[in-house]
Amino acid sequence: MATTSEIKIETGWKKRLLPEFETERMKKLKAFLVEQKKKGKKIFPRGEDWFSALNLTPFEKVRVVIVGQDPYHGDGQAHGLCFSVRDGVAFPPSLQNIFKELNADLGVPVPRHGSLEKWAKQGVLLMNAVLTVEEGRAASHQGKGWEEFTDRIIHLLNDEKENLVFVLWGSYAQKKGAFIDRKKHFVIESAHPSPLSAYRGFFGSRPFSKINAYLKSKGLKEIDWSLD
């Protein structure tokens, strides 16, 4: 993690989050990440992609928030947006199920690639609760300080904005978003899209049409969910 002055985050986020980088927990997180790299551990995503969700979706542009848990831990998968993989990378199972539900919900064809950058650039913040992971070790960076940092992001959005849509798939995301003010914002909750739980309420939940219906009801522009 760069020094505070070097941190490359979109200006709207940076002015709100700079105090976070001065906290003891973020200093400890930085020390942990530096130590892991010294030990030769491979960390995903690459350092320049840790804050991609914030950089692709400026604070002022956020309209929808999808909360993930951890980055993918396979080589070449994670690039800073939850559930997303770069063009040319095979779809992980959860992403396959997201595309199946999108097709069933809105008739959007399953895309040829798994990059969700087009969603991010329309105001869909695709944020994991934990922003780094060790190769091959799921959840290996949980409890190191990222969760409090991303909690702060959700608090800022909850407090400063209104008429956002928060999408909380699975119990982990639902606990993380428990404090969201449902009088100001629209919260969509269902089972997680992973193969372990998708048939317990994710399939058939129609989140994409619900998001657009809410945005339309508030006079806001709908999301174009097609990716090709």
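Described in the following lines is the structure provided in the data block.

Okay, the overall build of the protein chain next. Scanning the protein chain from N- to C-terminus turns up 8 helices and 6 strands. Secondary structure elements of the protein chain occur, N-terminal to C-terminal, as α-α-β-α-β-α-α-β-β-α-β-α-β-α. Taken over C-alpha atoms, the radius of gyration comes to 17 Å for the protein chain, in line with the 17 Å a tight globule of 228 residues would show. For the protein chain, the spread of C-alpha atoms along the three principal axes comes to 50 × 35 × 30 Å. Expressed as a percentage of the 228 residues in the protein chain, the buried residues total 53%.

Further remarks concern the packing of aromatic side chains. Following the criterion strictly, the structure yields 16 aromatic pairs and no others. Aromatic pair W146 and F149: ring centres 5.9 Å apart, planes at 65 degrees, arrangement edge-to-face. You can see W146 and its partner F149 sitting in helix 6 (residues 146-160), 3 residues apart, about one turn around the helix. Both residues of the pair, W146 and F149, count as buried. Put simply, the rings of F21, W50, F51, W146 and F149 touch in pairs and so form one group of aromatic residues. Its guanidinium or amino end placed over the ring of F59, K161 lies 5.1 Å from that ring's centre, counting from NZ or CZ.

Quick look at helix 4 (residues 93-106) now. Under the 1.5 Å per step criterion, the end-to-end length of helix 4 is 20 Å for 14 residues, consistent within 8% with the ideal 20 Å. Against the buried residues of helix 4 lie helix 5 (117-120), strand 5 (165-169) and helix 8 (207-217). Looking one or two places after helix 4, you find G107, whose phi comes out positive at around 75 degrees.

Attention now moves to the layout of surface pockets. Left-over empty space is what a probe sized like a water molecule reveals as it rolls over the atoms. Space inside the largest pocket adds up to approximately 430 Å³. Along its surface, the largest pocket is lined by 26 residues, and D70, P71, Y72, H73 and N128 are the ones closest to its centre. Partitioned by chemical class, the residues of the lining of the largest pocket number 13 nonpolar, 12 polar and 1 charged.

Cis peptide bonds are those with omega within 30 degrees of zero, and the linkage from F44 to P45 qualifies with -10 degrees. Mapped onto the elements of the fold, P45 is located in the loop between strand 1 (43-44) and helix 3 (52-56). Look at F83: it is not a glycine, yet its phi comes out positive at around 70 degrees. As for its placement among the helices and strands, F83 is situated in the loop between strand 2 (64-68) and helix 4.

Attention now goes to the sheet that holds strand 3 (residues 124-128). Two strands in a sheet stick together by hydrogen bonds in their backbones, pointing the same way (parallel) or opposite ways (antiparallel). Strand order in the open sheet made by the 4 strands is 3-2-5-6, with parallel pairing throughout. Both edges of this open sheet fall to strand 3 and strand 6 (186-190), since each of them pairs with a single strand only. Taking the axes of each pair of neighbouring strands and ignoring which way they run, one obtains an average angle of 15 degrees across the sheet. With 5 bridges joining them, strand 5 and strand 6 adopt parallel strand pairing. Its bridge partner lying in strand 6, L168 is registered against E189.

Moving on to the side chain of E147. Its place among the elements puts E147 in helix 6. Nearest to the buried, unbridged E147 among oppositely charged side chains is K176, at 6.8 Å. Those residues within four positions of E147 in sequence are excluded, and the remaining contacts are A129, V130, Q142, Y172 and K176.

The rules behind these values
Residues numbered from 1 in each chain as written. Predicted model: local features only at pLDDT ≥ 70, side-chain atom pairs only at ≥ 80, totals over all residues. Heavy atoms only, no water. Helix = DSSP H or I, 4+ residues; strand = E, 2+ residues; numbered from the N terminus. Rg over C-alpha atoms; globule rule 2.2 N^0.38 Å. Buried < 20%, exposed > 50% of the residue type's maximum accessible area, 1.4 Å probe, protein only. Phe/Tyr/Trp six-rings, centres within 6.5 Å; stacked < 30°, edge-to-face > 60°. Lys NZ or Arg CZ within 6 Å of the ring centre and 35° of its normal. Expected span 1.5 Å × (residues − 1). Contact = heavy atoms within 4.5 Å. 1 Å grid on protein atoms, 1.4 Å probe; cavity = no way out; pocket = protein on both sides within 12 Å on 5 of 7 lines; lining within 4 Å. Points joined across faces, edges and corners; volume = space filled by probe spheres on them. Nonpolar A, V, L, I, M, F, W, Y, C, P; charged D, E, K, R; others polar. Pairing = 2+ DSSP bridges. Axes fitted to C-alpha atoms, helices over the stretch in contact; angles between N-to-C directions. Lys, Arg positive; Asp, Glu negative; His and termini not counted. Salt bridge = Lys/Arg side-chain N within 4 Å of Asp/Glu carboxyl O.

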